[in-house]
Amino acid sequence: MAAALRLSRWHRGATDTNPSVGCLIVKDGVILGAAVTAPGGRPHAETQALKLAGPAAEGATAYATLEPCSHHGKTPPCADALIAAKVARVVVSVIDPDERIQGRGVAMLEAAGIEVCTGVLETEGRSELAGYLSRKIKKRPQVTLKLAVSADGAIGRPGAGHIAVSGPLSHSQSHLLRAESDAILIGIGTALADDPELTCRIDGLENRSPRAYVLDRHLDLPAQSRLVAACKWPLNRPLTIVCNRDANSSKRQLLEAADVAILATGTDDLSGLCRQMAADGVSTLIVEGGAAVARSFLAQGLVDRILLFSTPLTLGTGAVAAPFDRKTIPDGFRLVRSEQFGPDLAEEYERRQ
Ligand code: AOF
Ligand code: ZN
């Protein structure tokens, strides 16, 4: 199951609203088939792994990180495929909370005389599937707050444009996180100060750029900004601006003409916004700036994970104060991972359940 969970990471962020699931078909200690949910979400992992195993799957054990599906969706049920292949045993990490499944996959397998074992490495499985489970159960995305803080507790300098607070290795890590995430959000302050693209700039992963959201109550984002340009070919990356209902209609028309989606629901109710994102299929969201946006997400109890890069740079007096640093981590979070990327210390904190 540990190997199946590692495999499931391959397509994280690339399977649309479907979770990235890993499946191994094993007999006599030999892996006969190994697969992960295909990019776009289909085919599912199990049918691909069974295909690789061929007739040898008879009598084998299938390891699946998520309960095999029982529904006729865009593809036939994986439970039926496992039954048809005559596997002897199915080992499952997490039961699928999808309203069409919820234990029905396990029931179908058991009714066909297959031994089923569930809850194997379930904590790890839940962690791998955290975004999907959050969208299905809490009806909002899993939210990761990403922050780079200088040695003197700052995130930037006013009027200085984009400052690289963290080093190139940390940047690559952030871009990898973008590749694995469905969406990224910033406030208009950061959008105007940095003119960022918010794309994934790792060779070969450019098309894994997350869809972008900007909290911009008065529609101040210029139609000539890099964010707006990235909506178009070759990236075709969706951009949504969240603004107030009474935002200027001519600015709205200008942005809409540039393929920007406008969500005029106001910028204060972040829970409502997160619910809307989940309804639009977003399972994982990165909140990436600035300080006010980070504080609002924390204050509304919407942050599940903090990824903090602490760097040796000093930004001096007049710099923009970070909402917190590693000595003042918000209450309720615990350290789960710590890694050094060049001169920067990266720490991951998770909200205590
Ligand atoms: C599996 N194996 O690899 C995945 C599963 O739209 P459909 O028909 O593809 O179904 C989507 C649902 O399938 C999704 O909500 C989740 O319940 C399940 N995902 N199931 O057996 C897989 N990715
Ligand atoms: Zn399936």
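The rules behind these values
- Residues numbered from 1 in each chain as written.
- Chains lettered and ligands numbered in written order.
- Predicted model: local features only at pLDDT ≥ 70, side-chain atom pairs only at ≥ 80, totals over all residues.
- Heavy atoms only, no water.
- Donors = N, O, S within 2.8 Å, 3.2 Å for Na, K, Ca; no water.
- Tetrahedral: all angles 85-135°; square planar, octahedral: opposite > 155°, others 65-115°.
- Helix = DSSP H or I, 4+ residues; strand = E, 2+ residues; numbered from the N terminus.
- Buried < 20%, exposed > 50% of the residue type's maximum accessible area, 1.4 Å probe, protein only.
- Near = heavy atom within 4 Å.
- Polar contact = N/O pair within 3.5 Å; in protein donor to acceptor, adjacent residues only side chain to side chain.
- Areas by Shrake-Rupley, 256 points an atom, 1.4 Å probe, with all protein chains shown as cover.
- Nonpolar A, V, L, I, M, F, W, Y, C, P; charged D, E, K, R; others polar.
- Contact = heavy atoms within 4.5 Å.
- Core = buried A, V, L, I, M, F, W, Y, C linked by side-chain atoms within 4.5 Å.
- Pairing = 2+ DSSP bridges.
- Axes fitted to C-alpha atoms, helices over the stretch in contact; angles between N-to-C directions.

Regarding the coordination of the zinc ion (ligand 2)
So, step 1. Taken together, the protein donors to the zinc ion (ligand 2) comprise His-44 (ND1), Cys-69 (SG) and Cys-78 (SG), at separations of 2.0 to 2.2 Å.
So, step 2. With four donor atoms in place around the zinc ion (ligand 2) and angles of 97 to 120° between them, the coordination shape is tetrahedral.
So, step 3. Here the donor residues for the zinc ion (ligand 2) map to a single chain with the spacing H-x24-C-x8-C. With a gap of 34 residues between them, His-44 in the loop between strand E2 (30-36) and helix H2 (45-53) and Cys-78 in helix H3 (residues 78-84) connect regions that are remote in the sequence. You'll find His-44 and Cys-78 in the same group, each marked buried.

Here we look at the environment of Val-87
So, step 1. Its location among the elements puts Val-87 in the loop between H3 and strand E4 (89-94).
So, step 2. Owing to a relative accessible area of 4%, Val-87 belongs among the buried residues under this scheme.
So, step 3. When the C-alpha atoms of Val-87 and Cys-117 are compared, they prove to be 13 Å apart, with 30 residues separating the residues in sequence.

Things to note about the site of ligand 1
So, step 1. Taken together, 19 residues form the shell around ligand 1, and within it Thr-37, Arg-42, His-44, Glu-46 and Asp-96 come nearest.
So, step 2. With respect to ligand 1, the side chain of Arg-42 contributes an N or O atom lying 2.5 Å from an oxygen atom.
So, step 3. At 2.8 Å from an oxygen atom of ligand 1 is found a main-chain nitrogen or oxygen belonging to Ala-45.
So, step 4. Burial of ligand 1 by the protein amounts to 96% of the accessible area it has alone, namely 520 Å².
So, step 5. By residue class, the composition of the shell around ligand 1 is eight nonpolar, five polar and six charged.

A few points about the side chain of Thr-37
So, step 1. Mapping Thr-37 onto the fold places it in the loop between E2 and H2.
So, step 2. By relative accessible area, Thr-37 is classed as buried at 2%.
So, step 3. There is a polar contact of 3.3 Å between the side chain of Thr-37 and the backbone oxygen of Pro-19.
So, step 4. Here the side chain of Thr-37 touches Val-21 through a polar contact of 2.8 Å, landing on its backbone nitrogen.
So, step 5. When neighbours within four sequence positions are excluded, Thr-37 is seen to be in contact with His-11, Thr-15, Asn-18, Pro-19, Ser-20, Val-21, Arg-42, Pro-43, His-44, Ala-45 and Gln-48.

Considerations on the side chain of Lys-136
So, step 1. In this structure, Lys-136 sits in helix H6 (residues 130-138).
So, step 2. Contacts of Lys-136, omitting those with residues within four sequence positions, involve Pro-97, Asp-98 and Glu-99.

Thoughts on the nonpolar core
So, step 1. Of all hydrophobic cores here, the largest spans 32 residues; its most connected members are Leu-221, Leu-227, Leu-239 and Val-260.
So, step 2. Listing elements by their share of this core, those giving two or more residues are strand E8 (183-187), helix H8 (188-194), strand E9 (211-215), helix H9 (226-229), strand E10 (239-242) and strand E13 (305-310).
So, step 3. Not counting residues up to four positions away in its chain, the partners in contact with Val-260 are Val-228, Cys-231, Leu-239, Ile-241 and Leu-255.

Here we look at the sheet that holds E4
So, step 1. Read across the open sheet, the five strands follow the order E2-E1-E3-E4-E5; overall the sheet is mixed. Each edge of the open sheet carries a strand with a single partner, namely E2 and strand E5 (115-117). Neighbour-to-neighbour, the strand axes of this sheet turn through a mean angle of 15°, independent of strand direction.
So, step 2. Relative to E2, H2 is tilted by about 145°, and along the sheet it contacts strand E1 (22-27), E2 and strand E3 (61-66).

Section: the sheet that holds E8
What links the strands of a sheet is backbone hydrogen bonding, and the strands pair in either a parallel or an antiparallel sense.
So, step 1. Reading across from one edge, E11-E10-E9-E8-E12-E6-E13-E16-E15 is the order of the nine strands in this open sheet, with mixed pairing throughout. Two strands lie at the open edges of the sheet, namely strand E11 (261-263) and strand E15 (333-341), each paired on one side alone. Each strand of the sheet is rotated relative to its neighbour by a mean of 20°, with strand direction disregarded.
So, step 2. Here E8 runs beside strand E12 (residues 284-287); their pairing, made up of three bridges, is parallel. Across the sheet, residue Leu-185 finds its bridge partner in E12, namely Val-287.
So, step 3. Contacts from helix H7 (residues 168-180) reach strand E6 (142-149), E8, E12, E13, E15 and strand E16 (344-351) within the one sheet, and its direction differs from that of E13 by about 160°.

Some thoughts on the pairing of E1
So, step 1. Within E1, five of the six residues are buried, leaving the element largely enclosed by the surrounding structure.
So, step 2. Summarising the sheet, E1 and E2 pair through six bridges and their orientation is antiparallel. When the bridges of E2 are listed, Ile-25 appears paired with Gly-33.
So, step 3. Hairpin connection between E1 and E2: a loop of two residues separates the two successive antiparallel strands, and Asp-28 in this loop has a positive phi of roughly 50°.
So, step 4. Pairing analysis gives four bridges linking E1 to E3, with the strands arranged antiparallel. Residue Cys-23 lies in a different strand from E3, and its bridge partner there is Ala-64.

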